[in-house]
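Residue-level structure breakdown
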Amino acid sequence: MTRSSVVSCGGCHGRCCTAYVVPVNGADIWRIARTQHLAPAQFVWCDDEEEPTPTGVLLRPGEATYMLALQHHQPRQSQRICMFLNQLPGGDGLCSIYADRPLVCRAYPMYLRKGRVIPRDDMLCPAGSWEDIEAIQTSWRALLVAQRQAWEDYALVVSAWNGAIRSQPSAIGATLARYLDYLLLAYDLVSDRPLETAVGELHALAVNIIGA
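Summarised in this report is the structure supplied together with it.

A look at the overall build of the protein
Each helix and strand counted, the protein has 5 helices and 5 strands in total. Taking all 212 residues of the protein together, 39% fall into the buried category. Counting contacts in the protein only where the partners sit at least 6 residues apart, residues at least 24 apart contribute 66% of the total. Of the roughly 11300 Å² that the protein leaves accessible, carbon and sulfur atoms contribute 55%.

So this is what it looks like as structure tokens:
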């Protein structure tokens, strides 16, 4: 990848796939699980949030919230190699789920500043990448807006779950596995309808799964 006209990351050697924690929202997890026929526990891990966010997941009332991210091949080493990066012997060094990759990966290395699409100052793309950014403003803006909406929708899904957790006695909590079960069923429920129309149903679904 050397200029903005290049549509593949071939030749980049997956720099961003070995450097970052990749946060995932519910739509990302649901899409990967359903299309790749994987259980979320096979590719998702969680970690404490330093400060609670609208998408931080509660597993027990009054305790820390968690963020979800893609698993790494080497989770305890400094190099964060995404589990979907094809680096096995004979591999091509590319994303093995490219069509279903998380939205944050699709949007990298761009963000919106006052309505303009701007490359990140700290991007890992090779020198000279994205020089002709004006030529791709419209398509990148649409992607970034869709990404923002997906995270806003996910905040509603998380809020329904967290509300159900808070309504339980303090001794009762849930596991990450239970939350991931809820997540798949929640996105099945809203796959063909606006998410905001199903908030009550999502809360009831969460209560049932927590109490199961």
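Now, onward.
Re the pattern of salt bridges
Inspection of the entire model under this criterion finds 5 salt bridges. Of the charged contacts, one joins Arg193 and Glu201 as a salt bridge, the two residues approaching to 2.8 Å between their closest N and O atoms.

Digging into the side chain of Asn25
On the secondary structure map, Asn25 appears in the segment before helix 1 (26-36). Classification of Asn25 by relative accessible area gives buried; the value is 0%. Separated by 3.0 Å, the side chain of Asn25 and the backbone nitrogen of Ala27 make a polar contact. Ignoring any residue separated from it by four or fewer positions in sequence, one finds Asn25 in contact with Leu103, Ala150, Trp151 and Tyr154.

A few points about the state of the cysteines
Applying the stated rule across the entire model yields 0 disulfides. Cys17 supplies the cysteine sulfur nearest to Cys16, a cysteine that is in no disulfide, at a spacing of 4.2 Å. Residue Cys16 is classed as partly exposed on the basis of its relative accessible area of 26%.

Looking at a negative patch on the surface
There is a patch of like negative charges on the surface, built from Asp47, Asp48, Glu50 and Glu51. The residue Glu51 is located in the loop between strand 1 (44-48) and strand 2 (57-58) in this model. For Glu51, a relative accessible area of 59% gives the class exposed.

A short note on the pairing of strand 4 (residues 110-113)
Inspection of the sheet shows strand 4 paired to strand 5 (residues 116-119) by 4 bridges, in the antiparallel sense. The residue bridging Met110 from the neighbouring strand is Pro119, located in strand 5. Connecting the antiparallel pair strand 4 and strand 5 is a turn made up of 2 residues, with Lys114 showing a positive phi of about 55°.

Looking at the nonpolar core
Counting 40 residues, the largest nonpolar core has Tyr154, Val157, Trp161, Tyr179 and Tyr182 as the members making the most contacts within it. Taken together, the elements giving at least two residues each to this core come down to helix 1, strand 2, strand 3 (65-70), helix 3 (137-166), helix 4 (176-189) and helix 5 (199-211). Beyond its immediate chain neighbours, meaning those up to four positions away, Tyr154 contacts Val24, Asn25, Gly26, Thr55, Val57, Leu68, Tyr179, Leu183 and Tyr187. Of all hydrophobic cores here, the second largest spans 10 residues; its members include Ala107, Tyr108, Trp130 and Ile133.

Quick notes on the rules
Residues numbered from 1 in each chain as written. Predicted model: local features only at pLDDT ≥ 70, side-chain atom pairs only at ≥ 80, totals over all residues. Heavy atoms only, no water. Helix = DSSP H or I, 4+ residues; strand = E, 2+ residues; numbered from the N terminus. Buried < 20%, exposed > 50% of the residue type's maximum accessible area, 1.4 Å probe, protein only. Contact = heavy atoms within 4.5 Å. Areas by Shrake-Rupley, 256 points an atom, 1.4 Å probe, with all protein chains shown as cover. Salt bridge = Lys/Arg side-chain N within 4 Å of Asp/Glu carboxyl O. Polar contact = N/O pair within 3.5 Å; in protein donor to acceptor, adjacent residues only side chain to side chain. Disulfide = S-S within 2.5 Å. Patch = residues over 30% accessible without salt bridge, like charges linked within 9 Å, V, L, I, M, F, W, Y side chains within 5 Å. Lys, Arg positive; Asp, Glu negative; His and termini not counted. Charge placed at Lys NZ, Arg CZ, Asp CG, Glu CD. Pairing = 2+ DSSP bridges. Core = buried A, V, L, I, M, F, W, Y, C linked by side-chain atoms within 4.5 Å.

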